Amino acid sequence: MPLVHIVLFEFKPNVEREVVQDACKRMLELREKCVHPKTQKPYILDSSGGRDNSPEGHQGGFTHGFVSHFDNEEDRNYYLTEDPAHLAFVKSLDGIIQNVRVVDYEPGVL
């Protein structure tokens, strides 16, 4: 069953724009950099993201959002707990992220 992985970032207020842009660029690059341990091919099916532009005012401080699609729970779990590219990216956010929210779901499972 496919899984959708949503990540919202709130960067610390003192983080320079260039640092934020670099982090976001690297987040999007994970689609190519994360490779499956068995096939040695990228396994994130699709990803997108960018800076919030909602006029609703419900962001709660979150400024950037990203969505990744995985073929199954096993791939998503590998990404979260073992993928060296993802784990290095997460570590690189130390000191620049104030808050993060993550929501995962299976499409149509209510």
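Scroll up a little and you will see the structure.
Applying the stated rule across the entire model yields five aromatic pairs. Arranged with centres 6.2 Å apart and planes meeting at 40°, the rings of Y43 and F70 form a pair that is tilted. Pair noted here: Y43 is in the loop between helix 1 (17–33) and strand 2 (44–51) and F70 is in strand 3 (residues 64–70), with a separation of 27 residues, a long-range link. The same class applies to Y43 and to F70, which are both buried. Ring pairing ties together the aromatic residues Y43, F70, Y78 and Y79, which thus form one cluster.

Our next topic: the environment of I44. Relative to the assigned elements, I44 resides in strand 2. I44 gets classed as buried once you look at its relative accessible area, which sits at 6%. Separated by 31 residues in the primary sequence, I44 and D75 have C-alpha atoms spaced 8.2 Å apart. If we ignore the near neighbours within four places in the chain, the residues touching I44 are L30, R31, C34, S68, H69, F70 and Y79.

This part takes up the environment of Q59. Topologically, Q59 is positioned in the loop between strand 2 and strand 3. Residue class for Q59 comes out partly exposed when judged on its relative accessible area of 22%. For the pair Q59 and E10, spaced 49 residues apart in sequence, the C-alpha to C-alpha distance is 9.5 Å. For Q59, the contacting residues outside a window of four places in its chain are D52 and S54. Reaching out from Q59, the side chain makes a polar contact with the side chain of D52 at a distance of 2.8 Å.

A separate point is the sheet that holds strand 1 (residues 3–11). Strand order in the open sheet formed by four strands is 2-3-1-4, and the pairing between neighbours is antiparallel. The sheet is open, and its two edges are formed by strand 2 and strand 4 (97–105), each paired on a single side. Ignoring which end each strand starts from, the neighbouring axes of this sheet average 15° apart. Where strand 1 meets strand 3, seven bridges bridge the pair, whose relative direction is antiparallel.

Let us look at unusual backbone geometry. The general pattern is negative phi for most residues beyond glycine and trans for most peptide bonds. Notably, Q40 is not glycine yet its phi reads approximately 60°, a positive angle. Topologically, Q40 is positioned in the loop between helix 1 and strand 2. Note on Q40: relative accessible area 53%, which makes it exposed.

What counts and how
- Residues numbered from 1 in each chain as written.
- Predicted model: local features only at pLDDT ≥ 70, side-chain atom pairs only at ≥ 80, totals over all residues.
- Heavy atoms only, no water.
- Phe/Tyr/Trp six-rings, centres within 6.5 Å; stacked < 30°, edge-to-face > 60°.
- Helix = DSSP H or I, 4+ residues; strand = E, 2+ residues; numbered from the N terminus.
- Buried < 20%, exposed > 50% of the residue type's maximum accessible area, 1.4 Å probe, protein only.
- Contact = heavy atoms within 4.5 Å.
- Polar contact = N/O pair within 3.5 Å; in protein donor to acceptor, adjacent residues only side chain to side chain.
- Pairing = 2+ DSSP bridges.
- Axes fitted to C-alpha atoms, helices over the stretch in contact; angles between N-to-C directions.

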